[in-house]
Amino acid sequence: MSRPLPLLALSLALPVVALLALAQGDYPVSLPELLGALAGRSEGPVHLVVIDWRLPRVGLALTAGAALGLAGALFQSITRNPLGSPDVIGLNAGAYTGALLALILGGGQVLSGALLGGLVTALAVYLLAWRGGLHGTRLVLVGIGVSAMATAANTWLLMTARLEVAMGAATWGAGSLNGATLAQLGPMALALPVLALGVTLLARPLRQLELGDDLSRAQGVPVALVRLCGLGLGVVLTALATATAGPIAFVALAAPQIGRRLTGASGAAFLPAALTGALLLALADLVAAQGLPGARQIPVGVVTLVLGGVYLLALLRLEARK
Amino acid sequence: MTDTPLIAEGLVLGYDGKTVLHDLSLRLPGGQFTAIVGPNACGKSTLLRALARLLTPHRGRVLLHGQPLERIAPRQMARQVALLPQNPIAPDGITVRDLVARGRYPHQTLLRPASAGDATAVEQAMARLQITDLATRRMADLSGGQRQRVWIAMVLAQDTQVILLDEPTTWLDIAHQVELMTLLAQLAREGRTIVAVLHELNHAFRYADHLVALRDGRLMAEGAPSQTVTPALIEAVFDLPCVITPDPLTGAPMVVPHA
Ligand SMILES: Nc1ncnc2c1ncn2[C@@H]1O[C@H](COP(=O)(O)OP(=O)(O)OP(=O)(O)O)[C@@H](O)[C@H]1O
Ligand SMILES: [Mg+2]
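Residues numbered from 1 in each chain as written. Chains lettered and ligands numbered in written order. Predicted model: local features only at pLDDT ≥ 70, side-chain atom pairs only at ≥ 80, totals over all residues. Heavy atoms only, no water.

Peer 1: What should I look at first to understand the overall build of chain A in this one?
Peer 2: The helix and strand tally for chain A stands at 13 helices and zero strands. The order of α-helices and β-strands along chain A, N terminus first, is α-α-α-α-α-α-α-α-α-α-α-α-α. Expected size for 322 residues packed as a compact globule is a radius of gyration near 20 Å; at 20 Å, chain A falls within 12% of this value. A principal-axis box enclosing the C-alpha atoms of chain A has dimensions of 65 × 55 × 40 Å. A total of 322 residues make up chain A; the buried ones form 55% of that total. If you take every contact in chain A between residues at least 6 apart in sequence, the share linking residues at least 24 apart comes to 74%. Only carbon and sulfur atoms are counted for the fraction: they give 74% of the accessible area of chain A, which is about 14,300 Å². Averaged over its 18 positive side-chain charges, chain A has a centre that lies 12 Å from the centre of its 11 negative ones. (Helix = DSSP H or I, 4+ residues; strand = E, 2+ residues; numbered from the N terminus. Rg over C-alpha atoms; globule rule 2.2 N^0.38 Å. Buried < 20%, exposed > 50% of the residue type's maximum accessible area, 1.4 Å probe, protein only. Contact = heavy atoms within 4.5 Å. Areas by Shrake-Rupley, 256 points an atom, 1.4 Å probe, with all protein chains shown as cover. Lys, Arg positive; Asp, Glu negative; His and termini not counted. Charge placed at Lys NZ, Arg CZ, Asp CG, Glu CD.)

If you want it as structure tokens, here you go:
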């Protein structure tokens, strides 16, 4: 049973952070102006700043964050491992490889390159880890290996690329929401609800699967089918987020665990994971957008990477105490 | 109850080419407590998994109330037969009540997730295993024996006619073992068909109505303990020279090993 109060607090924190992110920046907007703009009653600079510039960015942070949170919960549940998240098992690195190849070889189709790279990597990890069945720990270990190989390939690709291409690729590879547009938000806003519905339909058998293959099968769960659908949804959710925002680390890794602990849920908790993911990425992007002294804007991926390091240390300490 | 809910006919099965069960035929009597005994790695868990349809036999078949297992829908099967595997996994952070409630899965659907009937079944199962006062504790914080009782409560909450248990007494102290044996015998008297893999032979002989002895995937004996247990059988199954004496309280056969 998850506690309803933290869940409510999480859901309320989202609009607060969103409004904050919409109002803050080089061109501060007052709350009445902001609400007016959102209601479609503004023009001129306020409209430009709020609707054209900041809204896509905040919207993408929330939706990509939610997608990553869900993907992380799916992968961690299926691998039965808190480290089994898409960024750890190589989907991010693979998506980056795809994007790099697209930038260097072809007409710069970064998005489709990233999508394809992520899917191919997922398939490779799946096939390499498969041995008459899927074992969580093996999947994670194979994933870490594949991730390292893809990262090595990425470094090599970056070094061989022309300077402008390499610079552009590195910016994308850091994971950034700078310059997000409404055109990017559209597909995300359409796809996320559909995928989230899929997760909702699959949630009950997926959670039952955490009891082990034998027990859940004896309780009537079609184990192989549920696992395949769960992995498929997780891969698509990751690819969607990565293709729009670049490879963002840590959110998929930490959001499910933080969400579960906050709400006191057991096993995979998909709604808390989605809410926490959205909140984490929106907060990280708020920091990224403000920049640091000396760097006017930093990629949100850098912020999440730092958070990720801190999180991993905390997780290790927690596990060590068990 | 005289029917035979589970019948295995000429089961041949194993893993990756290695045959574990060799042409095994069994009849598990309804409303009785069957104990499966045998040395380590003789195929007891494998047999239980086959009875629960987790393994497809290479040859032979298992019948549930006369129907071949492969013709029964997963949910229907799960409403009739429950299995507690040897090594179940508790999800992270789960509490006792939540885990017991997971046993209600086959009775729920997406549109009807949990009902008052589910809650009653969960509370009753916890009461029978005397873990009601642990209900809000986390599994990770319990002792091995407490956890084992939670798992058994979960299987009980599934409310099936047939219950298959793989070494349910592991981790339990002697008093709790006896308590569980009594509970299993009582469940059988209430009409359920109980099949348990047991290593404690004297408990098996005393509490079970029906005994199945395996060695190297072959059936060595089948029948009431008082009629099947002999020193020769124990030696043949376990390579253990022993004498059999009647248990002073019940007269059930009791194994006393030599040396
Ligand atoms: N998943 C598996 N893959 C391959 N071989 C297996 C598998 N499970 C069991 N075996 C093999 O099948 C044989 C029977 O195993 P099983 O688990 O049925 O023994 P058991 O009688 O339950 O033993 P124990 O008393 O130790 O639990 C063993 O030789 C074992 O190594
Ligand atoms: Mg066994």
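Still to come is the rest of the account.
Peer 1: Looking at this structure, I do not really get the coordination of the magnesium ion (ligand 2). What am I missing?
Peer 2: Under perfect tetrahedral coordination by four donors, a metal shows angles of 109.5 degrees; under perfect octahedral coordination by six donors, it shows angles of 90 or 180 degrees. All names here are of chain B. Within the protein, the atoms that donate to the magnesium ion (ligand 2) are Ser45 (OG) and Gln86 (OE1), at distances of 1.9 to 2.3 Å. Placement of Ser45 in helix H1 (residues 44-51) and of Gln86 in the loop between strand S6 (81-84) and helix H3 (96-101) is noted, with a sequence separation of 41 residues between them. The partly exposed category is assigned to Gln86, whose relative accessible area is 39%. (Donors = N, O, S within 2.8 Å, 3.2 Å for Na, K, Ca; no water.)

Peer 1: Can you walk me through the site of ligand 1 in this structure?
Peer 2: Residue and element names in this part refer to chain B. Near ligand 1, the surroundings consist of 14 residues, among which Asn40, Ala41, Lys44, Ser45 and Thr46 are the closest. Residue Lys18 places a side-chain N or O atom 3.1 Å away from an oxygen atom belonging to ligand 1. Residue Lys44 places a side-chain N or O atom 2.7 Å away from an oxygen atom belonging to ligand 1. For ligand 1, the accessible surface in isolation is 630 Å², of which the surrounding protein chains cover 65%. Elements represented by at least two residues in the shell around ligand 1 include exactly strand S2 (18-28) and H1. (Near = heavy atom within 4 Å. Polar contact = N/O pair within 3.5 Å; in protein donor to acceptor, adjacent residues only side chain to side chain.)

Peer 1: Explain the confidence of the model for chain B to me, please; I cannot follow it from the model alone.
Peer 2: Should the pLDDT be low somewhere, the predicted coordinates at that spot are not to be read in detail. Across chain B, the average pLDDT comes to 94, with 99% of residues at 70 or higher. What the predictor reports for the complex is a pTM of 0.91 with an ipTM of 0.93. (pLDDT = per-residue confidence, 0-100.)

Peer 1: Would you explain the interface of chain A and chain B in this entry?
Peer 2: When the parts of a complex come together, some accessible area is lost, and that lost area is often taken as the interface size. Contacts between the two partners involve 22 residues from chain A, matched on the other side by 27 residues from chain B. Together, the buried faces of chain A and chain B total about 2,200 Å²; carbon and sulfur atoms form 52% of this surface. For the interface between chain A and chain B, the tally reads one salt bridge. Taking the shortest distance from any N to any O, the salt bridge between A:Asp214 and B:Arg49 comes out at 2.8 Å. Scanning the region where chain A abuts chain B turns up nine residue pairs in polar contact (both at pLDDT 80 or more). Among the elements of the structure, helix H8 (182-209) and helix H9 (213-218) of chain A are those that each provide at least two residues to the side of chain A that touches chain B. In terms of residue count, H8(A) provides more of the side of chain A that touches chain B than any other element does, six residues in total. (Buried area = accessible area lost by both parts, 1.4 Å probe. Salt bridge = Lys/Arg side-chain N within 4 Å of Asp/Glu carboxyl O.)

Peer 1: Quick question: what am I supposed to make of the sheet that holds strand S4 (residues 59-64) of chain B here?
Peer 2: Hydrogen bonds between backbone atoms are what pair the strands of a sheet, whose relative direction is either parallel or antiparallel. Residue and element names in this part refer to chain B. Spatial ordering of the open sheet is given by S2-S1-S4-S5, a layout of four strands whose pairing is antiparallel. Two strands close off the open sheet at either side, each with one partner strand: S2 and strand S5 (67-68). Direction of pairing for strand S1 (residues 6-15) relative to S4: antiparallel, over a ladder of five bridges. Across the sheet, residue Ile7 finds its bridge partner in S4, namely Leu63. Where H1 meets the sheet, it contacts S1, S2 and S4, and its direction lies at approximately 120° from that of S1. (Pairing = 2+ DSSP bridges. Axes fitted to C-alpha atoms, helices over the stretch in contact; angles between N-to-C directions.)

Peer 1: Any chance you could explain the pattern of salt bridges here in plain terms?
Peer 2: Pairs can form between side chains of opposite charge whenever their charged atoms are close. Enumeration over the complete set of coordinates arrives at 13 salt bridges over all chains. With its nearest N and O atoms 2.9 Å apart, the salt bridge here joins A:Arg80 to A:Asp213. Placement of the pair is A:Arg80 in the loop between helix H3 (44-79) and helix H4 (91-105) and A:Asp213 in helix H9, with a sequence separation of 133 residues. The closest approach of N and O atoms between B:Arg192 and B:Asp159, which form a salt bridge, is 3.1 Å. On the criterion of sequence distance, the pair formed by B:Arg192 in the loop between helix H6 (174-189) and strand S8 (193-197) and B:Asp159 in the loop between helix H5 (144-157) and strand S7 (162-166) is long-range, its members being 33 residues apart.

Peer 1: Is there a simple way to think about helix H1 (residues 4-23) of chain A in this case?
Peer 2: Note on helix geometry: an α-helix contains 3.6 residues per turn, so any two residues three or four positions apart are oriented the same way. Residue and element names in this part refer to chain A. Taking 1.5 Å as the rise per residue, H1 with 20 residues should run 28 Å; its terminal C-alpha atoms sit 30 Å apart, in good agreement. Taken residue by residue, H1 has Leu7, Leu10, Leu14, Val17, Ala18, Ala21, Leu22 and Ala23 as its buried positions. Packing partners of the buried residues in H1 comprise helix H2 (31-38), H3, helix H11 (251-263) and helix H12 (270-290). Just downstream of H1 lies Gly25, where phi reads positive at about 140°. (Expected span 1.5 Å × (residues − 1).)

Peer 1: Mind showing me how you'd approach the environment of B:Val96 here?
Peer 2: All names here are of chain B. Looking at where Val96 falls in the secondary structure, it is placed in helix H3. In this structure the C-alpha to C-alpha distance between Val96 and Pro231, which are 135 residues apart in sequence, comes to 43 Å. Each residue touching Val96, except ones within four places of it in the same chain, is listed here: Met126, Ile131, Leu134, Ala135, Arg137, Leu142 and Val150.

Peer 1: Help me out: how do you make sense of the pairing of S6(B) in this one?
Peer 2: On any regular strand, side chains alternate: one points to one face of the sheet, the next to the other face. Residues and elements named next belong to chain B. Burial along S6 is two-sided: Val81 and Leu83 and Ala82 and Leu84, pointing in opposite directions, are all buried. Here S6 pairs with S7 via four bridges, running parallel. Counterpart to Ala82 in the pairing with S7 is Ile163.

Peer 1: How should the sheet that holds S8(B) be read in this particular structure?
Peer 2: All names here are of chain B. Taken together, six strands build an open sheet; the order of strands is S6-S7-S8-S3-S9-S10 and the sheet is mixed. Looking at the sheet topology across the chains shown, the edges are occupied by S6 and strand S10 (218-223). Direction aside, neighbouring strands of the sheet carry axes that sit 15° apart on average. Here strand S3 (residues 33-37) pairs with S8 via four bridges, running parallel.

Peer 1: Help me understand the nonpolar core in this model?
Peer 2: Soluble globular proteins tend to pack their nonpolar side chains together in the buried interior. By size, the foremost hydrophobic cluster in this structure holds 72 residues, and its most contacted members are A:Leu206, A:Leu237 and A:Phe270. Ranked by the residues each element gives to this core, the list is headed by H3(A), at twelve residues. Among the nonpolar cores identified, the runner-up in size contains 55 residues, and B:Ala82, B:Ile194, B:Ala204 and B:Cys242 belong to it. (Core = buried A, V, L, I, M, F, W, Y, C linked by side-chain atoms within 4.5 Å.)

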